[in-house]
Amino acid sequence: MDIMIVDDERIIRESFFHWFQKSGHKVATAASGKEALEKLAETPFDLLFVDIKMPGMDGIELLAAVKAAYPETLVIIITAYGSIESAVQAMRIGATDYLLKPFKPDQLSLVMEKVVQQQKRQSEYNYLKGRLEKITRFDNIIGQSPAMTAIFELITEVAGADASVLLAGETGTGKELIAKAIHAKSPRANLPFIAINCGAIPDTLLESELFGHQKGAYTGAIQERRGFFEVVNGGTLFLDEVGEISQKMQVDLLRVLEEKKITRVGSRQPVAVNFRLITATSRDLEAQIRAGDFREDFYYRIHVIQIDIPPLRKRREDIRLLAAHFLKKFCHETTKRVDRISPLASRVLETYDWPGNVRELENAIERAVVLSKSRLLNDSDFAFLRPPPVTATPGTSLREMEKYHIRRILDRHEWNVTRAAKALEINRVTLHKKIKRYQLKPAGGKIGSR
Amino acid sequence: MSGSTNPDRAKSAVAVIPYAGASTIAAKVIAAHVSGYLNLTVETRPPEKIPPDALDKRRRQYNAATLIQTIESMHRKDCFKVIALFDVDLFTPIFTHVFGEARQNGRVALVSLFRLESHMNGSSPPTDRVLERAAKIALHELGHLLDLLHCDDDRCLMYFSGSVDTLDQTGFNFCRYCRTALRRKLRQEGIIDTPT
């Protein structure tokens, strides 16, 4: 067990140190609450023995700080100035036990037995929590919000049907993960899953990649090559950013979807293909159709079933869960001992708009873990998450700018009107009027006012 | 525990020193047990005076940490390990009392007879029970001097006993893990030569 003794008296620290050393525990000491917190920020401890009466930060204050930042760390209060009041107060804040020094050697043994039991319960709790985390995961997709729960149900429903699925959602919302989940739950699960980002491949190359080519079909085609339609061979083909492909390619794909046959570039011999198509887009395809950039017939072919994936800002209740998942992932990858996110930092993450969605959150946690020098990620570790500046183009009206700014400030203060009004340097009545005028509403909940 | 003893070290392997009024018989019993259990050469030395600065007048007890420090400085080179036997009550700053005290891998172990000479209910136990308790504590503390930790096995001498009742229930032997660790340590220190 990793134990820290926090006492301003050296002889007390030494006595504890020698006793625990003889029991094979790893013991550290701190002469003040401040030193203890510094050590805790660097290394995790299982158990702290804290003296109540210390200069500066006293034991009760330290106990409160430890319980707030490291709730799983057990704290035993020790004092020579024991009183029922301070014992009750300590136990109420979360102390595991209370020892009045000097104590009988047996008492310390009993306390240690109690600690071991509590640790056992904690590890059981952690195990169950881990199980619960797995339940809130769906094929590596994490979410417990109603929106994501509905998507998980939809995935299960559509997986069995062989219809084309269109996944619509902003960039970074995890469209490929959902496509993979549909594939994994479909009867084609044992066959290949091939993902192509149509936006990243030039049109001519995309044609060759999808349809394959004959030897000598064009300069550089030095040998025959099978395209993805053939390679997928009964599996699932996932075309990401389908809104990026050219009209000509849309016609070619439409034909493949209708005939289930392809013709390699440079060949006249049609080849039968069998695949399930899942497409994804971050664009508004209907608007593209209206603008004449996307073929309506192709659109209706690919969106037999449409799944709309909400952006992260519309399922804020998933942010904490996702952040914890990414924290665990990057701690494991970087072998750094960063094991928690402070409540203030969590609030920063929950109020940020995440234009890059889950991918941006993942990158933010990775960056914070890599650069962090302590076990705890604080709000300062996410200082790089600045809201994108409002770009005042000549077409932006003052009204739009004001509405945008008020919304951002309200979101930042969790729709606490008093705090938001203070930040905006206007009074609450004026802010309420503006909320009404601009018809602003919180993402889901009541407006708070304190 | 068996194994041949290094003749150069054997002469001063362990010294048992009674302090003030501590029973010389108890010292001899401890010496016999250490010698028997660990196959070490043990000598019983004449009684010495208790270092006066170890007395805490407020608590009317002797500070074990101060005693260890003083005795260590007095017997720096004349033996490998020292077992100091007292008939006064010993304490450490966190504990009301201790039956014995030793630092992990240290040189001096303390044993106090003060609280071994009565039962939990206040009655007096027979002398052989007191001597048995003293020998158990001496072997336990010597174990710490030889780098043994507290053992989870309540039949082992290295099991932590906070009361005389627990001490009486503790076995009079080292468990096989502690025995192996002891042998390894004594070999490392050159106290015994041959593996058994």
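Residues numbered from 1 in each chain as written. Chains lettered and ligands numbered in written order. Predicted model: local features only at pLDDT ≥ 70, side-chain atom pairs only at ≥ 80, totals over all residues. Heavy atoms only, no water.

Residues and elements named next belong to chain A. Interaxial distance between helix 17 (residues 417-424) and helix 18 (residues 428-437) falls to 9 Å at its minimum, and their mutual angle equals 100 degrees. Classed by the angle they form, the pair helix 17 and helix 18 counts as roughly perpendicular. Only R428, L431, H432 and I435 of helix 18 make contact with helix 17, whose side of the interface consists of V417, T418, A420, A421 and L424. Taken together, the residues of the contact of helix 17 with helix 18 sort by class into 6 nonpolar, 2 polar and 1 charged. (Axes fitted to C-alpha atoms, helices over the stretch in contact; angles between N-to-C directions. Helix = DSSP H or I, 4+ residues; strand = E, 2+ residues; numbered from the N terminus. Parallel < 35°, antiparallel > 145°, perpendicular 65-115°, else oblique. Contact = heavy atoms within 4.5 Å. Nonpolar A, V, L, I, M, F, W, Y, C, P; charged D, E, K, R; others polar.)

Okay, the interface of chain A and chain B next. With 17 residues of chain A at the interface, the matching set in chain B holds 18 residues. Across the chain A to chain B interface the summed buried area is about 1,700 Å²; carbon plus sulfur atoms make up 66%. Area buried by chain A at its contact with chain B is led by A:K22, A:P102 and A:P105, which between them contribute 38% of it. Across the chain A-chain B interface, the total number found is 1 salt bridge. (Buried area = accessible area lost by both parts, 1.4 Å probe. Salt bridge = Lys/Arg side-chain N within 4 Å of Asp/Glu carboxyl O.)

Let us look at the nonpolar core. Counting residues in hydrophobic clusters, the biggest one holds 45 residues, and the most contacted among them are B:V34, B:I83, B:L116 and B:F174. Put simply, the parts of the chain that give this core at least two residues each are strand 1 (14-18), helix 2 (24-38), strand 5 (81-86), strand 9 (108-112), helix 4 (127-145), helix 5 (164-169) and helix 6 (176-188) of chain B. The biggest single contributor to this core is helix 4 of chain B, with 8 residues. Formed by 40 residues, the second largest nonpolar core is a distinct cluster that contains A:I3, B:A54, B:A64 and B:L110. (Core = buried A, V, L, I, M, F, W, Y, C linked by side-chain atoms within 4.5 Å. Buried < 20%, exposed > 50% of the residue type's maximum accessible area, 1.4 Å probe, protein only.)

Take the packing of helix 8 (residues 203-211) of chain A against helix 10 (residues 247-259) of chain A next. Residue and element names in this part refer to chain A. It is the contact of helix 8 with helix 10, at a shortest axis distance of 11 Å, that shows an interaxial angle of 15 degrees. Taken together, helix 8 and helix 10 sit at an angle that is classed as roughly parallel. Judged by the sense of rotation from one axis to the other, the crossing of helix 8 with helix 10 is left-handed. On the side of helix 8, the interface is formed by D203, L206, E207, L210 and F211, while helix 10 contributes K248, M249, D252, L253 and V256. In terms of residue class, the contact of helix 8 with helix 10 is made up of 6 nonpolar, no polar and 4 charged. (Left-handed = near helix turned anticlockwise from the far one by under 90°.)

Take the domain arrangement of chain A next. Residue and element names in this part refer to chain A. The domain architecture assigned to chain A consists of domain 1 (2-132), domain 2 (142-310), domain 3 (314-382) and domain 4 (389-450). Its C-alpha centre places domain 1 at a distance of 28 Å from the equivalent point of domain 3. Tallying the contact residues gives 10 residues for domain 1 and 5 residues for domain 3. A buried area of about 680 Å², summed over both sides, lies between domain 1 and domain 3, and 49% of it is on carbon and sulfur atoms. Broken down residue by residue, the surface that domain 1 buries against domain 3 is led by A41, P44 and Y70, which jointly contribute 55%. Counting across the domain 1 and domain 3 interface gives 1 salt bridge. The residue E72 makes a salt bridge to R340 at a minimum N-O spacing of 2.6 Å. No other element matches helix 2 (residues 33-42), which puts 3 residues into the side of domain 1 that touches domain 3. Looking at the side of domain 1 that touches domain 3, its residues break down into 7 nonpolar, 1 polar and 2 charged. (Domains from an automatic or database assignment.)

Residues and elements named next belong to chain A. Together, R399, K403, R407, K433 and R437 give the surface a local cluster of positive charge. Broken down by secondary-structure element, the contributors of at least two residues to the positive patch are helix 16 (398-412) and helix 18. In terms of residues, the positive patch owes the most to one element, helix 16, which gives 3 residues. We classify R437 as partly exposed; its relative accessible area is 48%. (Patch = residues over 30% accessible without salt bridge, like charges linked within 9 Å, V, L, I, M, F, W, Y side chains within 5 Å. Areas by Shrake-Rupley, 256 points an atom, 1.4 Å probe, with all protein chains shown as cover. Lys, Arg positive; Asp, Glu negative; His and termini not counted. Charge placed at Lys NZ, Arg CZ, Asp CG, Glu CD.)

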